[in-house]
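One-letter residues, chain by chain:
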Amino acid sequence: MEFPRSGCAARTWSDGYRVAELRERVTAFVTERVIPQEPRLDAGGPEAARTLAVLQQAAKREGLWALPLPAELGGQGLPLTSYVPLAEAEGISDHGPAALGSATLLDALMLHRHATPRVRGRFLHRLTAGEIRAAYAMTEPEVPGSDPLLTRTRAETGGDGSWQVRGRKWFTTAAAEADMVTVLARTDGEPPDRHGLSLLLVPTDAPGFRLVRELPVLGIGGQWEIELDDVRVPADHLIGERGQALAVAGQRLQLGRTLRCLRWLGQAERAFTLMRTRARERTLRGGPLGNHQLVQQQLFEALLAIRSTRPLVHEAARLIEAGHDAHIEVGLAKVAAARMLQHVADAAVQVHGAAGLGPDTPLPALFRMGRLARLLDGPDELHITSVARRVLRDE
């Protein structure tokens, strides 16, 4: 995935002390700067954009900007396995990766590897600098999201070589703030032909591009349904080869799922810290809440879930950085991390009692994310069957 694996830069970044020091700084930045601004960032709109811009400028001043992005793209070239503990720290808040410039990693690598020179020159460095934002649109209403071969959105070439894109997408993250959206569309054949799918980079200010509605997920905003009504897209906005969308998308899937898992670990640690503090400080007539064995069991099981999941996620990251197929490891990590986050968040709510259901803690949002995690990037069932089939095939 174009992460440094050798040479001076890799040796420098792999230094354990340097990474540990960076983790402390990233943790402090997210805890002290990002988390206090979560209400504004969650609200969306112009005020959220201004708040995010202030945080991004602070991250740049403090040398924490775009840590995992390649140096030639304006990042700091941190190898994936060195970035792993920092990704957890960024993930303490949903807004951490965007504030620190790492949220663009998947789109930046995709454009760097597969976009035309003109598109790279026009968008890539502005994207990694945080000047523009990108989104990724794959799933569609009435079409199983786990089977992209059934995609109905179509793109056809016009007389001047440009594309006309027609269709609907939904659960497109941050589409309202995006300047461009990478759209999966059928350019040849009929479903379920796997060789007729292509990726097109669609500017959101193009005529015919429309935000249909926001799709709150268990009360959490930020997901959108979009419509493409004969949107004209320049010919050179094709990402990768025509009909080869699944190959391009596959490259970002394993890394994307692993990054999500790392951020879920950070969110689980946040929930665990809140639960531990509650157990220590909440007193009943018999003393601290943590004196009760059932509360101790909740703490134990939550800690066990976090520490059992972390090695699976780290192993997936190691294999991806080494350029190996990590399908089984990513599948295991994704299911384990989703279950882990839901379990830990649920335990934290239980220990807090009614306070865990209200607006005074982030636990309701963490709990909702735990449930959402079991569907994001493919439902648990997809990964379970996929991994099992591969294990059965292996000799």
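These figures come from a predicted structure and were not determined experimentally.

S.K.: For this particular structure, what's the right way to read the overall build of the protein?
M.R.: In terms of helices and strands, the protein carries 13 helices and ten strands. In the protein, which comprises 395 residues, the proportion classed as buried is 49%. Restricting the contact set of the protein to residue pairs at least 6 apart, pairs at least 24 apart contribute 72%. Approximately 18,500 Å² of the protein is accessible, and the part contributed by carbon and sulfur atoms is 52%. Computed over 48 positive and 47 negative side-chain charges, the inter-centroid distance for the protein is 2 Å.

S.K.: Is there a simple way to explain the packing of helix H11 (residues 327–352) against helix H13 (residues 380–393) in this structure?
M.R.: For any two helices packed against each other, the geometry comes down to the angle between their axes and how far apart the axes lie. Their axes nearest at 9 Å, the elements H11 and H13 cross at an angle of 145 degrees. Taken as a pair, H11 and H13 cross one another with a handedness that is left-handed. Residues His-327, Ile-328, Gly-331, Leu-332, Lys-334, Val-335, Ala-338 and Arg-339 of H11 touch H13, and the partners they reach there are Asp-380, His-383, Ile-384, Ser-386, Val-387, Arg-390 and Val-391. Residue composition of the contact of H11 with H13, grouped by class: seven nonpolar, four polar and four charged.

S.K.: When you look at the confidence of the model for the protein in this model, what are you seeing that I'm missing?
M.R.: Detailed reading of predicted coordinates is not advised where the pLDDT is low. When pLDDT is averaged along the protein, the result is 93, and 95% of the positions lie at 70 or above. No element of the protein has a lower mean pLDDT than helix H1 (residues 7–13), at 42, and none a higher one than H11, at 98. In the model, residues 1–11 has pLDDT below 50 throughout and makes 28 contacts with residues more than four positions away in sequence or in other chains.

S.K.: What am I meant to see in helix H7 (residues 105–114) here?
M.R.: Quick reminder: α-helices carry 3.6 residues per turn. Residues three or four places apart thus point the same way. For H7, the buried fraction is high: seven of the ten residues fall into the buried class. Buried within H7 we find Leu-105, Leu-106, Asp-107, Ala-108, Leu-109, Met-110 and Leu-111. At its buried positions, H7 is contacted by helix H8 (117–128), strand S1 (134–137), strand S4 (180–186), strand S5 (197–203), strand S8 (238–239) and helix H9 (245–281).

S.K.: I tried to follow the pattern of salt bridges on my own but got confused; where do I start?
M.R.: It is possible for side chains of opposite charge to pair when their charged atoms get near one another. For the structure shown, the criterion picks out 23 salt bridges. A salt bridge links Glu-190 to Arg-154; its shortest N-O distance comes to 3.7 Å. Of this pair, Glu-190 sits in the loop between S4 and S5 while Arg-154 is found in strand S2 (residues 154–157), placing the two residues 36 residues apart along the sequence. Look at Glu-190 and you get exposed, because its relative accessible area is 53%. Relative accessible area serves as the criterion here: at 24%, Arg-154 is assigned to the partly exposed category. The partner of Glu-269 in a salt bridge is Arg-310, and the shortest N-O contact between them spans 2.9 Å. One end of the pair, Glu-269, is in helix H9; the other, Arg-310, is in helix H10 (residues 293–321), with 41 residues separating them in the sequence. Note on Glu-269: relative accessible area 26%, which makes it partly exposed. Here the salt bridges do not stand alone but share partners, grouping Arg-18, Glu-21 and Arg-25 into one network.

S.K.: Which parts of the structure should I look at to understand the side chain of Thr-172?
M.R.: Along the polypeptide, Thr-172 turns up in strand S3 (residues 163–173). Classification of Thr-172 by relative accessible area gives buried; the value is 0%.

S.K.: In this structure, what is going on with the packing of helix H5 (residues 80–90) against H10? I would like to understand it.
M.R.: H10 packs onto H5 with a crossing angle of 145 degrees between their chain directions and a minimal axis gap of 9 Å. Seen from above, H5 lies across H10 with right-handed handedness. Only Arg-310, His-314, Ala-317, Arg-318, Ile-320 and Glu-321 of H10 make contact with H5, whose side of the interface consists of Leu-80, Thr-81, Val-84 and Glu-88. Across the contact of H5 with H10, the residue classes tally to four nonpolar, two polar and four charged.

S.K.: When you look at H11 in this model, what are you seeing that I'm missing?
M.R.: Under the 1.5 Å per step criterion, the end-to-end length of H11 is 38 Å for 26 residues, consistent within 8% with the ideal 38 Å. In the segment just after H11, Gly-353 is the residue with positive phi, at about 70 degrees.

S.K.: Can you help me understand the side chain of Glu-90 in this one?
M.R.: Within the element layout of this structure, Glu-90 appears in helix H5. Apart from the residues lying within four places of it in its own chain, the contact partners of Glu-90 are Val-26, Val-30, Leu-67, Tyr-83, Gly-96, Pro-97, Leu-100, Ser-102 and Arg-263.

S.K.: What is the right way to read unusual backbone geometry from this model?
M.R.: Backbone phi values are negative for most residues with the exception of glycine, while trans is the configuration of most peptide bonds. The step from Pro-191 to Pro-192 runs through a cis peptide bond, and the omega angle for that step is 5 degrees. With respect to the helices, strands and loops of the structure, Pro-192 is situated in the loop between S4 and S5. One non-glycine residue with positive phi stands out, namely Ala-66, at about 50 degrees. Tracing the chain through its elements places Ala-66 in the loop between helix H4 (45–61) and H5.

S.K.: What exactly am I supposed to notice about the pairing of strand S7 (residues 223–233) here?
M.R.: Looking down a regular strand, the side chains alternate between one sheet face and the other. Most of S7 sits inside the fold, with eight of its eleven residues counted as buried. Examined bridge by bridge, S3 and S7 share eight bridges and lie antiparallel to one another. Each residue of the ladder has a partner; that of Val-165, found in S7, is Val-231. Sheet analysis places strand S6 (residues 209–214) next to S7, joined by five bridges and oriented antiparallel. Opposite Leu-211, over in S7, you have Ile-226 as the bridge partner.

Cut-offs and rules
- Residues numbered from 1 in each chain as written.
- Predicted model: local features only at pLDDT ≥ 70, side-chain atom pairs only at ≥ 80, totals over all residues.
- Heavy atoms only, no water.
- Helix = DSSP H or I, 4+ residues; strand = E, 2+ residues; numbered from the N terminus.
- Buried < 20%, exposed > 50% of the residue type's maximum accessible area, 1.4 Å probe, protein only.
- Contact = heavy atoms within 4.5 Å.
- Areas by Shrake-Rupley, 256 points an atom, 1.4 Å probe, with all protein chains shown as cover.
- Lys, Arg positive; Asp, Glu negative; His and termini not counted.
- Charge placed at Lys NZ, Arg CZ, Asp CG, Glu CD.
- Axes fitted to C-alpha atoms, helices over the stretch in contact; angles between N-to-C directions.
- Left-handed = near helix turned anticlockwise from the far one by under 90°.
- Nonpolar A, V, L, I, M, F, W, Y, C, P; charged D, E, K, R; others polar.
- pLDDT = per-residue confidence, 0-100.
- Salt bridge = Lys/Arg side-chain N within 4 Å of Asp/Glu carboxyl O.
- Expected span 1.5 Å × (residues − 1).
- Pairing = 2+ DSSP bridges.

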